[in-house]
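# Chain and residue survey
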Amino acid sequence: MENSVNEKKAKSSKPNGYASLRIKKEIKKRIMSDLARINKKDYGRKVDLSEYLDLLMGLFTLEHICQLQEGSLSNADRFEREYREYIANNGPMPKDEYLGKRLSGEIALSECPNVNNANKGNDVSN
């Protein structure tokens, strides 16, 4: 009897293939509302969340990546990135001088250089 108390149940090593994600309640509400609308039909099986998200991921483009990356930057981050890119292309220059040229319009503002240059012609989907 002592052995049975000390023995632990073996856990099944079968992977289930699912993972959980933390999202805001508002986002979950929008997703569930969309799924309810999609599944409001007379025939066929229900569309599940995985299928819905897989379709959305397939529609994701490089422009969306650029939009998300730019949205995550502060003005100081954006300025620093453009300053370093300018130095790499045109040689060293004091930050104060660069700022003066940017304000006077001598140096043009670049548009999302990270995505446009690094991923030209690449598809986002797997």
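Below is a summary of the structure that appears in this document. (Residues numbered from 1 in each chain as written. Predicted model: local features only at pLDDT ≥ 70, side-chain atom pairs only at ≥ 80, totals over all residues. Heavy atoms only, no water.)

Let us now look at the packing of aromatic side chains. Across all of its chains, the model carries four aromatic pairs by this definition. Taking the centre distance of 5.5 Å and the plane angle of 50° together, the rings of Phe79 and Tyr98 count as tilted. Placement of Phe79 in helix H5 (residues 75-90) and of Tyr98 in helix H6 (residues 95-104) is noted, with a sequence separation of 19 residues between them. Joined through ring pairs, the aromatic side chains of Phe79, Tyr83, Tyr86 and Tyr98 make up one cluster. (Phe/Tyr/Trp six-rings, centres within 6.5 Å; stacked < 30°, edge-to-face > 60°. Helix = DSSP H or I, 4+ residues; strand = E, 2+ residues; numbered from the N terminus.)

The grouping of Leu49, Leu53, Leu55, Leu56 and Leu59 at the surface amounts to a nonpolar patch, some 440 Å² of accessible area in total. Within the fold, Leu59 resides in the loop between helix H3 (49-58) and helix H4 (62-71). The class for Leu59 is exposed, based on a relative accessible area of 54%. (Patch = residues over 30% accessible without salt bridge, like charges linked within 9 Å, V, L, I, M, F, W, Y side chains within 5 Å. Areas by Shrake-Rupley, 256 points an atom, 1.4 Å probe, with all protein chains shown as cover. Salt bridge = Lys/Arg side-chain N within 4 Å of Asp/Glu carboxyl O. Buried < 20%, exposed > 50% of the residue type's maximum accessible area, 1.4 Å probe, protein only.)

Quantified by volume, the largest pocket comes out at close to 530 Å³. Leu21, Ile23, Ile31, Leu49 and Leu53 are, among the 16 residues lining the largest pocket, the residues nearest its centre. Of all the elements in the fold, those that place two or more residues in the lining of the largest pocket are helix H2 (25-38) and H3. The leading source of residues in the lining of the largest pocket is H2, at six residues. Across the lining of the largest pocket, the residue classes break down as eleven nonpolar, two polar and three charged. In this model, the second largest pocket occupies a volume close to 260 Å³. For the second largest pocket, the full set of lining residues is Leu53, Leu56, Met57, Leu59, Phe60, His64, Gln67 and Leu68. (1 Å grid on protein atoms, 1.4 Å probe; cavity = no way out; pocket = protein on both sides within 12 Å on 5 of 7 lines; lining within 4 Å. Points joined across faces, edges and corners; volume = space filled by probe spheres on them. Nonpolar A, V, L, I, M, F, W, Y, C, P; charged D, E, K, R; others polar.)

Attention now moves to the nonpolar core. With five residues, the main nonpolar core is built from Tyr83, Tyr86, Met93, Tyr98 and Ile107. Apart from the residues within four sequence positions on either side, Met93 is in contact with Tyr83, Tyr86, Ile87, Tyr98 and Lys101. (Core = buried A, V, L, I, M, F, W, Y, C linked by side-chain atoms within 4.5 Å. Contact = heavy atoms within 4.5 Å.)

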